[in-house]
Amino acid sequence: MTIPGLSALVTLGVAATGHVLRWGPAAAELFGRTDAEVRGRDLCDAVFAGEHREAFGAAVARAAAGTPSVTLLPVRLPGGAVVPVEFRCEPVTEATGEVTVGISALPHRDSPPGEDPLPEEPDQAVFGIGATLDLRQTARELADALVSRLCYGAGVYLLERLLVDDHLPSHEDGGSRVVVRRMALSVADGTQPEWSSAFPADEVIAFPADTPVARSMTTGRPVVFTALDSTTFGRFVHRLSIRPRINDALNYDGFLTVPLIARGNVLGFAILARRSGDRPFGVAEGGLARRIADHAAVCMDNGRLYDRERRTSKTLQRSLLPVALKTPPGMRIAHRYLPAGQTSRIGGDWYDAIPLPGGNVGLVVGDAMGHGTAAALVMGQLRTAVRILARLGLPPAELLGHLDEIAQELTTAQFATCVYALCDPGRRLLTIARAGHVPPLIAAADGSSEIIDLPPGLPLGVGEASYEALELHVPEDGTLILCTDGLIESRTRDMDAGLEELRSLLPGASPDIEGTCDAIVKHLHAGESSDDATLLLARLEPAEPPR
């Protein structure tokens, strides 16, 4: 039996300004306005006739800043009835890196005539899932929430192709079978270990297209049924026959399956079971299950999008950063790149050592501002531009000027900082310039060190910037230190304090430059850092005596 009229929870998306970006059929049905009528318009004007602007605008602003919020507002629905609608606003990171706001809208309606009304559901019970962007954790929270309110046992299943290759069909897509992976299973008594042993997480299962769970995903609606399909029942018989504590499940005759649909895409389904003798699932209970499942689906889809961006950014970053730097004659180089402690915050640091004609070497460390795919793309383009400009023989100040012009033309329109040093190992000569970057340091063989007094310059991409270079002789066995702010700055340490702490870690002419590099990053870069960090040490070796 398919339960009618249970599309209670609708989802839509707005920009940080409140203008509508996504508006599906469910939203059109609830609010009585088509996609063409509302897309691009301010939601307050399109749905509230200009009312509630202050309350709704504040909720959207909080979500855009990273804090989910729940707001209950009266809305006049088609037909004239004024119904309280619960709006949950959550931040959503788009594939472009832009933060928009996803909205779950839930009208508060009475139970259908003839049914016992469900107790008023507090926000915590309905929306107390999805606090993280972890698919498995959200699936466990969904299963627990369903069991706590509606049933003896619940399982959550996601499409295998979603997990393997991020392919998302719409719920109209058909097929001969549905292949899913069990993500979570929860029961209401102390038999959880037996159930988890019989039906473990991560098991991949195929359901024929004519089964209730497949029909639920195809129609996009909850389905109530009283018996399992023959394949699933055979699986139950085989696994429960050796587990006497739970083999009464073979007599269960009350099941409800609800699809997990977010932004018009099917993620999977949840299945609820009641024991023999329990009353059947009703319309109101199916509505509540759908309400909880819809919210969980949006949370899981947010996690999927977030994880996809993280994987894309990491892959892009790995492909753009050098695996190893060639050691030029007359120099020794050690370098470290450390990602942010939060694995989702892929940064824009880059570094390079560029062999140049005449035995010279170009050393560069840069930091594209921001995180995610956009920062990684900017980093890759600027790193390539530096290599090309350096090989044209441009001096550091002129090179940064051209790099600033290039940064202004990038479609991602992000700023970056950079320090570029042109080294002549034979003459122990260093010409260096920076664009809004952390100042470089020089360490001498006797253990002394100094911060190079270099004009800071404006970050790349600001425009109308001019850069000045400084030329200096490097002391014998001296070491040049270049780094990004992620190494020396933290919540408890500003740049000046970080630079002084870095100076205290420089041991002079230690022969082990790699060990020095390790010691610095171990001391300065905490694992919980919110920014990535780069360190590059370049030591000019003493000239070999003539033979």
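Structure's up top.
Summarised in this report is the structure supplied together with it.

Rules of the game
- Residues numbered from 1 in each chain as written.
- Predicted model: local features only at pLDDT ≥ 70, side-chain atom pairs only at ≥ 80, totals over all residues.
- Heavy atoms only, no water.
- Helix = DSSP H or I, 4+ residues; strand = E, 2+ residues; numbered from the N terminus.
- Buried < 20%, exposed > 50% of the residue type's maximum accessible area, 1.4 Å probe, protein only.
- Contact = heavy atoms within 4.5 Å.
- Areas by Shrake-Rupley, 256 points an atom, 1.4 Å probe, with all protein chains shown as cover.
- Pairing = 2+ DSSP bridges.
- Axes fitted to C-alpha atoms, helices over the stretch in contact; angles between N-to-C directions.
- 1 Å grid on protein atoms, 1.4 Å probe; cavity = no way out; pocket = protein on both sides within 12 Å on 5 of 7 lines; lining within 4 Å.
- Points joined across faces, edges and corners; volume = space filled by probe spheres on them.
- Nonpolar A, V, L, I, M, F, W, Y, C, P; charged D, E, K, R; others polar.

1. A closer look at the overall build of the protein
A tally of helices and strands in the protein yields 16 helices and 21 strands. Per-residue burial for the protein yields a buried fraction of 51% across its 547 residues. Within the protein, residue pairs in contact and separated by at least 24 positions form 67% of the contacts whose partners lie at least 6 positions apart. Here the protein has roughly 24000 Å² of accessible surface; of this, 53% comes from carbon and sulfur atoms.

2. Observations concerning the pairing of strand S21 (residues 533-540)
The element S21 is largely enclosed, with a buried count of eight among its eight residues. Neither face of S21 is open: one carries Ala533, Leu535, Leu537 and Arg539, the other Thr534, Leu536, Ala538 and Leu540, and all of them are buried. The pairing of strand S12 (residues 331-338) with S21 spans eight bridges and is classified as antiparallel. Each residue of the ladder has a partner; that of Ala334, found in S21, is Leu537. Sheet analysis places strand S20 (residues 479-483) next to S21, joined by five bridges and oriented antiparallel. The residue bridging Thr479 from the neighbouring strand is Arg539, located in S21.

3. Observations regarding the sheet that holds strand S13 (residues 349-355)
Pairing is antiparallel in the open sheet, where five strands are placed in the order S13-S14-S15-S16-S19. A single partner strand is all that each edge strand has here, and the edge strands are S13 and strand S19 (470-473). Geometrically, the sheet is characterised by an average inter-axis angle of 15° between neighbouring strands, direction not taken into account. Sheet topology places S13 next to strand S14 (residues 361-368); seven bridges connect them, and they run antiparallel. Each bridged residue has a counterpart across the sheet, and for Pro355 the counterpart in S14 is Val361. Here helix H13 (residues 396-409) sits on the sheet in contact with strand S15 (416-424) and strand S16 (429-435), set at roughly 25° to S16.

4. Description of the sheet that holds S20
Here five strands make up an open sheet; going across it, the order is S12-S21-S20-S17-S18 and the pairing antiparallel. The open sheet is flanked by S12 and strand S18 (449-451), the only strands paired with a single partner. Neighbour-to-neighbour, the strand axes of the sheet open up by a mean angle of 15°, direction not taken into account. Along the sheet, helix H15 (residues 495-504) makes contact with strand S17 (441-443), S18 and S20, crossing S18 at roughly 160°. Of the strands in this sheet, S12 and S21 touch helix H16 (residues 513-524), which is tilted by about 25° from S12.

5. Comments concerning empty space enclosed by the protein
The full count for this structure, using the stated rule, is two cavities of 30 Å³ or more. Its boundaries defined by the atoms lining it, the largest cavity holds a volume of some 370 Å³. Lining the largest cavity are 29 residues, and of these Tyr157, Leu228, Phe236, Phe255 and Ile271 sit closest to its centre. Of all the elements in the fold, those that place two or more residues in the lining of the largest cavity are strand S6 (153-159), strand S7 (177-187), strand S8 (204-208), helix H9 (212-219), helix H10 (230-240) and strand S11 (265-274). Residue composition of the lining of the largest cavity, grouped by class: 21 nonpolar, five polar and three charged.

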